[in-house]
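Remarks on the overall topology
Each chain, written out:
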Number of protein chains: 2
Amino acid sequence: MREAGWCYGKLRRKGFRLTSPRQAILDVLAQNPRHLSAEEVFLLTHKSHPGIGLATVYRTLNLLTQVGIIRKFDFGDGRSRYELTAEEEEEHHHHLVCIRCGRIINYSDFMEKEKKFIKDLEAELSKKYQFKINSHQIYFYGLCKECQ
Amino acid sequence: MREAGWCYGKLRRKGFRLTSPRQAILDVLAQNPRHLSAEEVFLLTHKSHPGIGLATVYRTLNLLTQVGIIRKFDFGDGRSRYELTAEEEEEHHHHLVCIRCGRIINYSDFMEKEKKFIKDLEAELSKKYQFKINSHQIYFYGLCKECQ
DNA sequence: ATAATAATGAAAATCATTATCAACTATCAT
DNA sequence: ATGATAGTTGATAATGATTTTCATTATTAT
Ligand SMILES: [Mn+2]
Ligand SMILES: [Mn+2]
Ligand SMILES: [Zn+2]
Ligand SMILES: [Zn+2]
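Counting of residues starts from 1 at the beginning of each chain's written sequence and follows it residue by residue. For this description, chains carry letters from A and ligands carry numbers from 1, given in the order in which they are written. Totals for whole chains, interfaces and linings use every residue, but because this is a predicted model, local features are given only for residues with pLDDT of at least 70 and side-chain atom pairs only at 80 or more, for both listing and counting. Side-chain figures throughout are based on the complete set of non-hydrogen atoms in the structure, without hydrogens or water.

The name given to chain A in an unreviewed UniProt entry is Transcriptional repressor, with Aerophobetes bacterium as the source organism. UniProt positions are given in the numbering used here, feature names are shortened, and annotations may be inferred rather than shown by experiment. Annotation of chain A in UniProt includes, under Sequence similarities (unreviewed entry), the sentence "Belongs to the Fur family."

**Focus: the protein's contact with DNA strand D**
Any residue with a heavy atom positioned within 4 Å of a molecule or strand is treated as near that molecule or strand. Neighbouring DNA strand D are 21 residues; Tyr58(A), Thr19(B), Arg22(B), Thr56(B) and Arg59(B) lie closest to it. In DNA strand D, atoms within 4 Å of the protein come 71% from sugar and phosphate. For DNA strand D, a phosphate oxygen lies 2.6 Å from a polar atom in the side chain of Tyr58(A). N or O atoms within 3.5 Å of each other form a polar contact, as long as, within protein, one can give a hydrogen and the other can take it, and as long as residues adjacent in sequence are counted only when both atoms are side-chain atoms. At a separation of 3.3 Å, a base oxygen of DNA strand D approaches a polar side-chain atom of Arg59(A). Labels follow the DSSP assignment, with helices taken as runs of H or I lasting at least four residues and strands as runs of E lasting at least two, numbered in each case from the N terminus. For the surface near DNA strand D, the secondary structure elements donating two or more residues are α4 (54–66) of chain A together with α2 (20–31) and α4 (54–66) of chain B.

**Brief notes about the protein's contact with DNA strand C**
Around DNA strand C, a shell composed of 20 residues is seen, among which Thr19(A), Arg22(A), Thr56(A), Arg59(A) and Tyr58(B) lie nearest. Expressed as a percentage, the sugar and phosphate content of the atoms of DNA strand C within 4 Å of the protein is 70%. One of the backbone N or O atoms of Gly53(A) is found 3.4 Å from a phosphate oxygen in DNA strand C. Note that a phosphate oxygen of DNA strand C is positioned 3.2 Å from one of the side-chain N or O atoms of Arg79(B). Looking at the surface near DNA strand C, the elements with two or more residues in it are α2 (20–31) and α4 of chain A together with α4 of chain B. When residues of the surface near DNA strand C are assigned to their parent elements, the largest contribution, four residues, is made by α4(B). Think of it as three bins: nonpolar holds Ala, Val, Leu, Ile, Met, Phe, Trp, Tyr, Cys and Pro, charged holds Asp, Glu, Lys and Arg, and polar takes everything else, Gly as well. A class-by-class count of the residues in the surface near DNA strand C yields six nonpolar, seven polar and seven charged.

**Things to note about the pattern of salt bridges**
Whenever a carboxyl oxygen of Asp or Glu lies within 4 Å of a side-chain nitrogen of Lys or Arg, that contact is scored as a salt bridge. Overall, the coordinates contain 12 salt bridges over all chains when judged by the stated rule. A salt bridge links Asp109(B) to Lys128(A), with the nearest nitrogen and oxygen atoms 2.6 Å apart. With Asp109(B) in the loop between β5 (104–107) and α5 (111–129) and Lys128(A) in helix α5 (residues 111–129), this residue pair bridges two chains. Its relative accessible area of 12% is what places Asp109(B) among the buried residues. In this scheme, a residue with accessible area under 20% of its type's maximum is buried, one over 50% is exposed, and one in between is partly exposed, where area comes from a 1.4 Å probe on protein chains only.

**A word on the coordination of the manganese ion (ligand 2)**
Residue and element names in this part refer to chain B. Counted as donors are the N, O and S atoms within 2.8 Å of the metal, or 3.2 Å for Na, K and Ca, while water is not among the atoms, so some sites may look incomplete. Distances from the manganese ion (ligand 2) to its protein donors, His35 (NE2), Glu83 (OE), His93 (NE2), His95 (NE2) and Asn106 (OD1), fall within 2.0 to 2.4 Å. Each donor residue of the manganese ion (ligand 2) lies on one chain, and together they are spaced H-x47-E-x9-H-x1-H-x10-N. Here the residue His35 occupies a position in the loop between α2 and β1 (36–37), and His95 occupies one in strand β4 (residues 94–98), the gap between them amounting to 60 residues. Judged by its relative accessible area of 13%, His35 is buried.

**Describing the packing of aromatic side chains**
Stacked, tilted and edge-to-face are the three classes applied to pairs of Phe, Tyr and Trp rings, where Trp contributes its six-membered ring and a pair requires centres within 6.5 Å; stacked means planes under 30 degrees apart, edge-to-face means over 60, and tilted covers the rest. Counted under the stated rule, the structure contains 10 aromatic pairs over all chains. With a centroid separation of 5.6 Å and an interplanar angle of 5°, the aromatic rings of Phe73(A) and Phe75(A) are classed as stacked. Neither Phe73(A) nor Phe75(A) differs from the other in exposure class; each is buried. Taken together, the ring pairs connect Phe73(A), Phe75(A), Tyr139(A), Tyr141(A), Phe73(B), Phe75(B), Tyr139(B) and Tyr141(B) into an aromatic cluster.

**Examining the coordination of the manganese ion (ligand 1)**
Residue and element names in this part refer to chain A. Protein-derived ligands of the manganese ion (ligand 1) are His35 (NE2), Glu83 (OE), His93 (NE2), His95 (NE2) and Asn106 (OD1), with the metal-ligand distances lying across 2.0 to 2.4 Å. Mapped onto the sequence, the donors of the manganese ion (ligand 1) take the spacing H-x47-E-x9-H-x1-H-x10-N. Residue Glu83 is located in strand β3 (residues 80–84), and its partner Asn106 is located in strand β5 (residues 104–107); the two are separated by 23 residues in the primary sequence. Among the residues examined, Glu83 registers a relative accessible area of 10% and is labelled buried. Owing to a relative accessible area of 31%, Asn106 belongs among the partly exposed residues under this scheme.

Written out as structure tokens, the structure is:
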């Protein structure tokens, strides 16, 4: 679970504040380790903090994405979805996207091999394209168990 | 360059027709090997076929994506972008996305290693999650040469 | 405390994408 | 050929996620 200190530092360092609405939204994301849309975050936040508006949710999600506290995904269902950035190496994962029912599966298998593959690739790419890599996303598209 | 026969078959097989608007849109995609948005496709198509409407462009892009003739991407700029599916193995590539200026770089380095990595991963995932993989996308996010 | 700056909620605006609908067209069985 | 059937289209309206605006409030620095 992400604790306040970490986020506080990450925000303050760039001149932002860790306000009560932002806290509440972070709590919701921490307690719902799924792939929440902005509206879902709003509804969940609304239960304990009815005063927080949808615009603030959008603003906060953008801000947290900017500073790297959360990560933004597009799984093709017409809305962005968000997830707390993995703190520990073990939590790092990627996604299987069912092209029929939309189900999203997290997987973190083969991370040893991936780490090696990505590391080599990053070295090659940053040399060849002078591109400084921050992060990556891998998506597999196909049919889930129920949809085949 | 993609020739008509291939697309014709791919469409007819599922009961769709290769009409003149669809031809025109395919031509635009073939002659502009970039990552075009729907509106860009519309504007380019409009030059030679002023009668084709934006709705038809959207419909066609969705259809071509469905049957696998083109591929849909989200690079985070708020609109979907499209690209003809690689015919030959050599054209298979992934993307570097600059998080500052939005530039997209195609890369196809390390494809040997990728092929091996993906193949192992697919075997593992389809065994563990009963997931049948059709395709994959890899994104690297960071800063391009000009933006560092 | 005071001033400067950041953040907020409510509402309106934006903008990409989709749905509607009537007219048109290819395909296929008769 | 003929007509029935199903696919396609352009124009337009509608949708829906996200952003912007703006007046107000909260936080920080001096
Ligand atoms: Mn996930
Ligand atoms: Mn590309
Ligand atoms: Zn499924
Ligand atoms: Zn750049």
